[in-house]
Amino acid sequence: MHRETLKALSAQLAARKLSSVEVTTHFLDRIERAQSVLNAFITVDREKSLAQAKAADARLAKGDAAPLTGIPVAHKDLFCAKGWRTTAGSKILSNFIAPYDAHVIEQFDRAGAVLLGKANMDEFAMGSSCENSAYGCVRNPWDTNAVPGGSSGGSAAAVAARLAPAATATDTGGSIRQPASFTGVSGLRPTYGRVSRYGMVAFASSLDQGGCIAKTAEDLAMVLDVMASYDERDSTCLDHPKDDYVGSLGRGVKGLRIGLPKEYFTKDVARDVIDPILAAVEQYKKLGATVVDVSLPNQKLSVPVYYVIAPAEASSNLSRFDGVRYGHRAEKYSDLMDLYQKSRAEGFGAEAKRRIMIGTYVLSHGYYDAYYLQAQKIRRLIARDFIEAFKQCDVIMGPAAPTVAYDLGAKVTDPVQMYLDDLYTIPINLAGLPGMSIPCGFGNKGRPVGLQIVGNYFDEARMLAVAHAFQQATDWHEKEPPSPLGEGRGEGR
Amino acid sequence: MLSLQDVQRIARLARLELSGAEAEAMREQMNAILAMVDQMSAVDTQGVEPMSHPQDVTQRLRDDVVTEPDRRDDFLALAPQAEDGLYLVPKVID
Amino acid sequence: MRADWEVVIGLETHAQLTTASKIFSGASTAFGAPPNTQASAVDIALPGTLPVLNKGAVERAIRFGLAVGGTIAQRCVFARKNYFYPDLPKGYQISQYEQPVVAGGTLSFLLDGAVKTVRLTRAHLEEDAGKLLHEAVPGSSGVDLNRAGTPLLEIVTEPDMRSAAEAVAYAKALHALVRWIGICDGNMQEGSFRCDANVSVRKPGGALGTRCEIKNLNSFRFLEKAIEYEIRRQVEVIEDGGKIVQETRLYDPDRDETRSMRSKEDAHDYRYFPDPDLLPLAIDRAWIDRVGGAMTALPDALRGRYISQLGLSLYDAMLLTESREKAAFFDEVMKADVQAKIAANWVNGEVSALLNDAGLEFDRSPVSGGQLSRILQLIADGTLSGKGAKEVLREVARGDSATGDVDEIVASKNLKQISDGGAIEAAVDQVMAANPKLVEDYRSGKEKAFNALVGQVMKATQGKANPAQVNAALKKKLG
């Protein structure tokens, strides 16, 4: 059952061949058995999930079901869900039971989906390997010595290991596309403003965007249809008409102009990553697409720009975690200052502290212009590059990461090296564009490679159709990692 | 290059307690990050409008209506220390 | 020592805006609710919550901009001011920094009979913080976040004021204006209107001295006393060879002194940056025009009308427009056919004094504009003497009369002036007969005796005789 796509499960639920309680129980069992190996979840609550499944079955029985009614969905632990512990991967929120629902959670509730559990992640979505979680690192189902990518590593690993038909995720600098690439699943980061940020614990407000991870583009279309909705509680959520994502899937790629930025195909990207991507582009040509060379000359500046803007916003966003109204408070403190300093020192992990420190510094008196303001100006140059490129092409393709998944612990000691790997995802966040990663092959040690597809603003429907066309013609998305449940290898590749 | 003193000043501004060893490690990492970030300084950005938001849109406004009910009990239940409807902190003298 | 020091004062005033809900959340702003019952998820800064700007707060800022003749920004930006304090749940205050909603403008008021004008630097929107209660729970400070997120307009002046008295006059004029245009209830006890004063001293014509900021002055008296103290302190420090350190100080009314707030010294690197959760605010001409169109006449416009149409002096016009209620009262009086100058004198004089004694504002006046205008008409037609009119005014104010009808009160209290020639002549005859000495003195050239005789006639008529007629009758009879 867990091998089925979300679409197939939806059809079986609608036909009453399966009940939501059966489906939910099946996935909960798998999560439980895989947890010690993959650690993909921070919180699972069987009782709560099954209560929702029962309600979904009642709704299915009444015949007023929506496509996602009864489908269990894992949520990145960055989304507040009422009554659920919501940690953002941080010790500072280890005891935080969210008293309200994020807009995204409300949307899934309305659709009748079942909350399957809260997925593990890098603390406050800061990281590219899921090694920054206060709840232990997540392992890559393809090779448990490898990282699953981050920050949405729990969501990606869960879908890859077939512990959930789909999962929500967030992408501030590549946190959906890179783990999707590392774990061989499909991930979509929508246009900034497409999905409400209300109730999503903030990392860097002008870059954060909720999205989703699933096995196929078709499933992503169904999930996005639920997530994308205008929300007046988020001032940056745009009142832009939603497209028919599912209905547009069959548009095909005839005449599609694919832009290949020369900056994405350099010697800095590993050969074992480039080759599957070029093969995928060839596949697209066979399907009727044409290829144009484009250039993103300021792309190389995106890492420094990002590592000024994101920490600056984060340092301010994380000030609310002060041990006064909720969250961790130090046990012993001498006065208010001590309470703040100890609670925060104990509550935040190393990466969060680093970013708070950098952010505090770049905003501080005398440094603002040289760092933050300059970064914002270069940000515009980077965004302009895309506007120019999209005059010549409909989508841009390239790698989501310069290598396949690396080994656990390989990069933890060198934060700058880890930051530099974000070069292929970050520019999209800075520009606010939508981006995807879909599986397109395997590299070294049989670790998956993802093809990044970047679209113009609000062009998600086209991107999904482009991804769907590829998945109709290839079967990379059907490859399954060895079972994490110790029952022998899955279908293999 | 940041000195240890700089690091401790920033840490205090950010309300993070750093031990001596932590501060030293932090100094090294911050200097490495800032060295990477310094690439920006060579870019000519004269006349470029800073970009604060991905889209060029303006603020939407809420009508002046009270919509939020009293949820004090729910919220205070989350607090590390609360009494008589108040969040408690160590006595502050100002 | 004071003579050779010039005082330089600028004020920053926080006016709490009269919106029903908070500036960035839908929680109520009503004063006096039990602690934290009006602190929503956004106000207590739960993870994931986001601000959405209240249209009513922006509208009030526009009204203010129009009222002071400032420039309303077509596009302005909200910024985060970062610092840690338990009354600030997000760890930053959403305020405006580089691009405020209103720039420039002026405010004029009377000081020692002359018109003074203070230039405004800017006015910007921001959110208020919560409150710390130090007495509620022993050993701890309690945090009440009901006030957190209440909209404020911070109004900043240029350093244009030269004395504590001038600063107070400005503050009073500003207080009247924000109430006039309905953007702030002006309740100072509840903290709806509070001032910070930037004070420095210098040798006249010299460079500006180092300033100190005195925070949170929530009464005009404290404002005056705090500034006066601060001036004395600074002059003493400098004359003793010391230097003024730029700092924030707090006024202690019990000791009548200001003292340094060292506890907040290290918090001064606010790390302002544009709030990424909010977009730039656009205010177009059409919106400004709509807001302006719905506003009641502004003090400036009224003054202009009083001067050009009613022929009043600028001084009278300034006094009449001290508050919206006072101007409205005057306009009510002027609906009847009365002389403007006389009406202005009465409103600024007798009626103001009466209300002052009773501790009332013009909107609660026990004498209506209509009643006053009738009294003025009765003076004009000779029915009432000036003295009698004052008595009538007091009678009306007492409110004993069921109908409040001025004519009825005049009749029932027998306050009518005697203008009957025969009656007055009779009284004059009587007084002359009873005071032969005074008559003789007058006739032998002692002019003073005349006034004494007038006094006797007035006394004989219980003050009701028309004085002009008494004068004429006496003159005639004394030959």
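Residues numbered from 1 in each chain as written. Chains lettered and ligands numbered in written order. Predicted model: local features only at pLDDT ≥ 70, side-chain atom pairs only at ≥ 80, totals over all residues. Heavy atoms only, no water.

A.B. asks: I'm lost on the overall build of chain B in this one. Help?
C.D. replies: A count of helices and strands for chain B gives three helices and three strands. Element order for chain B, N to C, with α for helix and β for strand: α-α-β-α-β-β. The C-alpha atoms of chain B give 22 Å as radius of gyration, which overshoots the globular expectation for 94 residues (12 Å, by more than 25%). Once the C-alpha set of chain B is aligned to its principal axes, its extents read approximately 55 × 45 × 25 Å. (Helix = DSSP H or I, 4+ residues; strand = E, 2+ residues; numbered from the N terminus. Rg over C-alpha atoms; globule rule 2.2 N^0.38 Å.)

A.B. asks: What's the story with the overall build of chain A in this structure? I'm lost.
C.D. replies: When you go through chain A residue by residue, the secondary structure sums to 15 helices and 11 strands. Relative to the 2.2 N^0.38 estimate, which gives 23 Å for 493 residues, the radius of gyration of chain A is 21 Å and therefore close to what a compact globule would have. When its C-alpha atoms are laid out on the principal axes, chain A stretches across 60 × 55 × 45 Å. Long-range contacts, defined as pairs at least 24 residues apart, comprise 76% of the intrachain contacts of chain A with a sequence gap of at least 6. Of the roughly 14,300 Å² of accessible surface on chain A, 49% is carried by carbon and sulfur atoms. Of the side-chain charges in chain A, 56 are positive and 55 negative, and the distance between the mean point of each set is 1 Å. (Contact = heavy atoms within 4.5 Å. Areas by Shrake-Rupley, 256 points an atom, 1.4 Å probe, with all protein chains shown as cover. Lys, Arg positive; Asp, Glu negative; His and termini not counted. Charge placed at Lys NZ, Arg CZ, Asp CG, Glu CD.)

A.B. asks: Can you help me understand the pairing of strand β11 (residues 140–144) of chain C in this one?
C.D. replies: Moving residue by residue along a regular strand, the side chains alternate between the two faces of the sheet. Among the five residues that make up β11 of chain C, five are buried, leaving the element largely enclosed by the rest of the structure. Alternating residues of β11 of chain C divide into S140, G142 and D144 of chain C and S141 and V143 of chain C, and every residue in both groups is buried. Note that strand β3 (residues 86–90) of chain B and β11 of chain C share four bridges and pair antiparallel. Residue pairing for β11 of chain C: Y87 of chain B is matched across the bridge by V143 of chain C. Here strand β10 (residues 131–133) of chain C pairs with β11 of chain C via three bridges, running antiparallel. (Buried < 20%, exposed > 50% of the residue type's maximum accessible area, 1.4 Å probe, protein only. Pairing = 2+ DSSP bridges.)

A.B. asks: How do you make sense of the layout of surface pockets when you look at a structure like this?
C.D. replies: Rolling a probe over the atoms, with the probe sized like a water molecule, indicates the empty space that remains. Residues and elements named next belong to chain C. Reported here for the second largest pocket is a volume of approximately 980 Å³. As for the second largest pocket, its lining consists of 34 residues, and the residues nearest its centre are K172, A173, A176, E322 and S323. Elements with a minimum of two residues in the lining of the second largest pocket: β8 (106–111), α2 (164–180), α5 (299–308), α6 (314–320) and α8 (340–358). Considering every element that reaches the lining of the second largest pocket, the biggest residue donor is α2, with eight residues. The class makeup of the residues in the lining of the second largest pocket is 19 nonpolar, eight polar and seven charged. Here the lining of the second largest pocket gathers at least three residues from each of two domains, domain 1 (6–287) and domain 2 (305–412). (1 Å grid on protein atoms, 1.4 Å probe; cavity = no way out; pocket = protein on both sides within 12 Å on 5 of 7 lines; lining within 4 Å. Points joined across faces, edges and corners; volume = space filled by probe spheres on them. Nonpolar A, V, L, I, M, F, W, Y, C, P; charged D, E, K, R; others polar. Domains from an automatic or database assignment.)

A.B. asks: Can you help me understand empty space enclosed by the protein in this one?
C.D. replies: Counted under the stated rule, the structure contains seven cavities of 30 Å³ or more. The volume enclosed by the largest cavity comes to roughly 140 Å³. Along its surface, the largest cavity is lined by 19 residues, and V42, D43, K90, I94 and E127 of chain C are the ones closest to its centre. Of the residues assigned to the lining of the largest cavity, the class counts are 10 nonpolar, three polar and six charged. Along the walls of the second largest cavity sit 14 residues, with G127, S128, G173, S175 and D422 of chain A positioned nearest its centre. Here the residues of the lining of the second largest cavity are counted per class, giving four nonpolar, eight polar and two charged.

A.B. asks: Explain the sheet that holds β10 of chain C to me, please; I cannot follow it from the model alone.
C.D. replies: Backbone-to-backbone hydrogen bonds pair the strands of a sheet. The strands run either parallel or antiparallel. Taken in spatial order, the four strands of this open sheet run β2(B)-β3(B)-β11(C)-β10(C), and their pairing is antiparallel. In the strand order of this sheet, the two ends are held by β2 (82–83) of chain B together with β10 of chain C, each with one partner. In the sheet, β2 of chain B pairs with β3 of chain B via two bridges, with the strands oriented antiparallel. Each bridged residue has a counterpart across the sheet, and for A82 of chain B the counterpart in β3 of chain B is Y87 of chain B.

A.B. asks: Explain the packing of aromatic side chains here, please?
C.D. replies: Per the counting criterion, the structure on display carries 28 aromatic pairs over all chains. Between Y97 of chain C and Y272 of chain C the ring centres are 3.7 Å apart and the planes differ by 5°, which places this aromatic pair in the stacked class. Taken together, the residues Y97 of chain C in the loop between β6 (92–95) and β7 (102–103) and Y272 of chain C in the loop between β16 (257–260) and β17 (273–274) connect sequence positions 175 residues apart. Residue classification places Y272 of chain C among the buried positions, given a relative accessible area of 18%. Connected via pairs of aromatic rings, a cluster forms that spans F96, F124, F321, Y326 and F348 of chain A. (Phe/Tyr/Trp six-rings, centres within 6.5 Å; stacked < 30°, edge-to-face > 60°.)

A.B. asks: Can you help me understand the interface of chain C and chain B in this one?
C.D. replies: Accessible area lost when the parts come together is the quantity often used to give the size of an interface. At the junction of the two partners, chain C supplies 57 residues and chain B supplies 37 residues. Roughly 3,900 Å² is buried in total at the junction of chain C and chain B, and carbon and sulfur atoms are behind 58% of that figure. Connecting chain C to chain B are one salt bridge. Ionic pairing is found between R75 of chain C and D56 of chain B, a salt bridge with its closest N-O pair at 3.9 Å. Put simply, the parts of the chain that give the side of chain C that touches chain B at least two residues each are β2 (53–54), α1 (55–67), β10, β11 and β18 (281–282) of chain C. In terms of residue count, β11 of chain C provides more of the side of chain C that touches chain B than any other element does, five residues in total. (Buried area = accessible area lost by both parts, 1.4 Å probe. Salt bridge = Lys/Arg side-chain N within 4 Å of Asp/Glu carboxyl O.)

A.B. asks: Just to check I follow, could you spell out the interface of chain A and chain B for this structure?
C.D. replies: Counting residues at the interface gives 70 residues for chain A and 47 residues for chain B. Of the roughly 5,200 Å² buried between chain A and chain B on both sides combined, carbon and sulfur atoms contribute 68%. Interface area lost by chain A to chain B is led by M357, Y361 and R380 of chain A, which between them contribute 13%. The interface formed by chain A and chain B holds two salt bridges in total. Of the charged contacts, one joins E17 of chain B and K342 of chain A as a salt bridge, the two residues approaching to 3.5 Å between their closest N and O atoms. Where chain A touches chain B, the interface holds 21 residue pairs in polar contact (both at pLDDT 80 or more). Of all elements in the fold, only α9 (302–317), α10 (336–347), α11 (350–363), α12 (369–389), α13 (415–420) and α14 (426–431) of chain A reach the threshold of two or more residues within the side of chain A that touches chain B. (Polar contact = N/O pair within 3.5 Å; in protein donor to acceptor, adjacent residues only side chain to side chain.)

A.B. asks: How should I be thinking about the side chain of S21 of chain C in this particular structure?
C.D. replies: Among the secondary structure elements, S21 of chain C is positioned in the loop between β1 (6–16) and β2. Once residues within four sequence positions are removed from consideration, S21 of chain C is found in contact with R62, D64, V65 and V66 of chain B together with G26, A27, T29, N54 and P151 of chain C.

A.B. asks: It is not clear to me how the confidence of the model for chain A should be interpreted in this structure. Could you clarify?
C.D. replies: Interpretation of this model should avoid reading the predicted coordinates in detail wherever pLDDT is low. Of all residues in chain A, 98% have pLDDT values of 70 or greater, and the mean over the chain is 96. Throughout residues 488–493 of chain A the model reports pLDDT below 50, and contacts reaching past four residues in sequence, or to other chains, amount to 17 contacts. (pLDDT = per-residue confidence, 0-100.)

A.B. asks: How do you make sense of the sheet that holds β6 of chain C when you look at a structure like this?
C.D. replies: As summarised here, the arrangement of the three strands in space is β6-β5-β17 (chain C), forming an open sheet in which the pairing is antiparallel. Since the sheet does not close on itself, it has two edges, and those belong to β6 and β17 of chain C, each with one partner. Where strand β5 (residues 79–82) of chain C lies against β6 of chain C, four bridges are found, and the strand directions are antiparallel. From the neighbouring strand, R80 of chain C faces β6 of chain C, where its bridge partner is I94 of chain C. Where α9 of chain A meets the sheet, it contacts β5, β6 and β17 of chain C, and its direction lies at approximately 60° from that of β5 of chain C. (Axes fitted to C-alpha atoms, helices over the stretch in contact; angles between N-to-C directions.)

A.B. asks: What is the right way to read the pattern of salt bridges from this model?
C.D. replies: For side chains of opposite charge, pairing can occur when their charged atoms come near one another. Scanning all chains against the criterion turns up 68 salt bridges over all chains. A salt bridge links E351 of chain A to R354 of chain A; the shortest N-O distance between them is 2.6 Å. Of this pair, E351 of chain A and R354 of chain A are both found in helix α11, three residues apart, which corresponds to roughly one turn of the helix. Of the charged contacts, one joins R119 of chain C and D160 of chain C as a salt bridge, the two residues approaching to 2.6 Å between their closest N and O atoms. Here R119 of chain C, found in strand β9 (residues 114–127), pairs with D160 of chain C, found in the loop between β12 (151–157) and α2; they are 41 residues apart in sequence, far enough to count as distant. Given the relative accessible area of 43%, R119 of chain C is considered partly exposed. Residue D160 of chain C is classed as buried on the basis of its relative accessible area, which comes to 15%. Salt bridges linked by common partners bring R197 and D234 of chain A together with R80, D275 and D277 of chain C together as one network.

A.B. asks: I would appreciate a short explanation of helix α1 (residues 6–14) of chain A in the present structure.
C.D. replies: Since one α-helical turn is 3.6 residues long, residues separated by three or four positions face the same way. Residues and elements named next belong to chain A. Of the positions making up α1, those classed as buried are L6, L9, S10 and L13. End-on view of α1: buried residues confined to an arc of 100°, all on one side of the axis. Of the surrounding secondary structure, the elements contacted by the buried residues of α1 are α2 (20–38), α3 (46–62), β4 (166–170) and α7 (217–227). Trailing α1 by a residue or two, R16 shows a phi angle of about 65°, which is positive. (Arc of directions from axis to C-beta.)

A.B. asks: Help me out: how do you make sense of a nonpolar patch on the surface in this one?
C.D. replies: Residue and element names in this part refer to chain C. A contiguous nonpolar surface patch, about 210 Å² in accessible area, is contributed by V115, I307 and L314. With respect to the helices and strands, L314 occurs in helix α6. The class of L314 is partly exposed, set by a relative accessible area of 41%. (Patch = residues over 30% accessible without salt bridge, like charges linked within 9 Å, V, L, I, M, F, W, Y side chains within 5 Å.)

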